[in-house]
Amino acid sequence: MVDTVSSLATRLHEVLVEFLTKGPAVAGTRGLHDLVARAAALGPDGAWLAASGRASLGELACAQGDAELAILHFEAAVAGGFNDCVALHAAVLVPLHQDPRFRALYERMRITQADLDEFFWLHREMRITVREAQDSSVDNIGRLDTGVSLLPQAPMPTREPNTLGVLITRIDLAAVQTALQQAVVKAEFQRSAGNTSLSLIDDSWDYPRARIDAWHADELEARRQRAAEARAFVERPGAGTTLIPCPPLGSIGYPA
């Protein structure tokens, strides 16, 4: 099968989901290196996909304490169009901020105000999605019904970005959403199956309580769905679309 930008974007999503669900120790980096090579073979059209893989490898290298390798990967990522200055303020990457080479590659990045607004939204949504998944796992403890609740998620922005770097972070968010949805659904099916088994063998099963739990779960899921829809990204009127330098390194607070 011939690689295309679309097929490799799908593959990137799969690789990132594997990292998030299995961890780098199990997933390894072969998938990212393979994606970088295949995206580079597409020429300029695939540069942003190769940049995405490089940025992920850079973050992983930094987390493992290899600053030299991290900077090499980020230099390649920026050369390929990576410009997510918000991501570069995540706690795991702060140790790189004092390195002159990192500061130099950061200063080469350019962004528009409209894209910067979306970067903040994308990273904020990642944090919200993680919290929602944690809250969901707590809320479902002790449920006696056999229903399965999904994890409502905000829709992905559909605006035409000014820079291709935005597409990288959209895939990052989509991977987080998919990984957490899979984890929630797996836990929900296990709970539901367990309750189904108990209801078949235990005459003392509390059916009235199970019906109340089901009603409460449906109401909570509907409430979360409305909240997720209300969080949809809305482009700020008048947000600039001219390329400008990114905010100074260290001046951005990563979304809490």
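Throughout, residues of each chain are indexed from 1 in the direction in which the sequence is written. This being a predicted model, a pLDDT of at least 70 is required before a residue's local features are given, and a value of 80 or more before pairs of side-chain atoms are given or counted; all residues contribute to the totals for chains, interfaces and linings. To get the side-chain values, take all heavy atoms of the structure and skip hydrogens and water.

Quick look at the overall build of the protein chain now. A run of DSSP states H or I qualifies as a helix once it reaches four residues; a run of E qualifies as a strand once it reaches two. Both are numbered from the N-terminal end. A count of helices and strands for the protein chain gives 9 helices and 2 strands. Its helices and strands taken in sequence order, the protein chain reads α-α-α-α-α-α-β-α-α-α-β from the N to the C terminus. If you line up the protein chain on its principal axes, its C-alpha atoms span 70 × 40 × 40 Å. Across the 256 residues of the protein chain, 45% fall into the buried class. Whether two residues are in contact is decided by their heavy atoms, any of which lying within 4.5 Å being enough. Across the protein chain, every contact between residues at least 6 apart in sequence was considered, and the portion connecting residues at least 24 apart equals 80%. Here the open area of atoms and residues is found with the Shrake-Rupley method and a 1.4 Å probe, where only the protein chains shown may cover a residue. Carbon together with sulfur atoms contributes 58% to the accessible area of the protein chain, which is approximately 13100 Å² in total. Summary of the burial criterion: residues with accessible area below 20% of their type's maximum are buried, those above 50% are exposed, and those between are partly exposed, where the area comes from a 1.4 Å probe applied to protein chains only.

With that out of the way, let us pick up the environment of Thr158. Note that Thr158 resides in the loop between helix H7 (113-139) and helix H8 (165-201). When the C-alpha positions of Thr158 and Glu229 are compared, they lie 14 Å apart, and in sequence the two are 71 residues distant.

Let us look at empty space enclosed by the protein. Every definition here rests on a 1 Å grid over the protein atoms only: cavities are sets of points where a 1.4 Å probe fits but cannot get out, pockets are open sets enclosed by protein on both sides within 12 Å along at least five of seven lines, and lining residues have some atom within 4 Å of a point. Grid points are joined across faces, edges and corners, and a volume is the space filled by probe spheres set on the points. What the rule picks out here adds up to 1 cavity of 30 Å³ or more. Taken as a whole, the largest cavity encloses approximately 80 Å³ of empty space. Lining the largest cavity, in full, are Ser136, Asp139, Asn140, Ser149, Leu150, Ala217, Leu220, Glu221 and Arg224. A per-element tally of the lining of the largest cavity places helix H9 (residues 207-230) first, with 4 residues. Any residue outside Ala, Val, Leu, Ile, Met, Phe, Trp, Tyr, Cys, Pro, Asp, Glu, Lys and Arg is labelled polar, Gly included; the first ten of those are nonpolar and the last four are charged. In the lining of the largest cavity, the residues fall into 3 nonpolar, 3 polar and 3 charged.

This part is about the layout of surface pockets. For the largest pocket, the calculated volume is near 820 Å³. Every residue lining the largest pocket is counted, 29 residues in all, and those nearest its centre are Leu20, Glu59, Met126, Asp172 and Val176. Where the lining of the largest pocket is concerned, the elements lending two or more residues are helix H1 (5-22), helix H4 (47-63), H7 and H8. Here the residues of the lining of the largest pocket sort into 22 nonpolar, 3 polar and 4 charged.

Take a nonpolar patch on the surface next. Where nonpolar side chains cluster on the molecular surface, the patch consists of Val148, Leu150 and Phe189 and spans about 260 Å² of accessible area. The residue Leu150 is located in the loop between H7 and H8 in this model. Each patch is assembled from residues with relative accessible area greater than 30% and no salt bridge, linking like charges that lie within 9 Å and nonpolar side chains (Val, Leu, Ile, Met, Phe, Trp, Tyr) that lie within 5 Å. The salt bridge criterion pairs a side-chain nitrogen of Lys or Arg with a carboxyl oxygen of Asp or Glu, the two atoms within 4 Å.

A separate point is the pattern of salt bridges. Scanning the entire structure with this criterion turns up 16 salt bridges. Residue Arg11 is joined to Glu14 by a salt bridge in which the shortest nitrogen-to-oxygen separation is 3.5 Å. Of the two residues, Arg11 and Glu14 are both situated in helix H1; the distance of 3 residues between them amounts to about one turn of the helix. Overall, Arg11 belongs to the partly exposed group, its relative accessible area being 27%. The shortest N-O distance in the salt bridge between Arg224 and Glu132 comes to 3.7 Å. Highlighted residues: Arg224 in helix H9 and Glu132 in helix H7, separated in sequence by 92 residues. When sorted by exposure, Arg224 lands in the same class as Glu132, which is buried. Salt bridges sharing partners connect three or more residues here, namely Asp115, Glu118, Arg159, Arg170 and Glu235.

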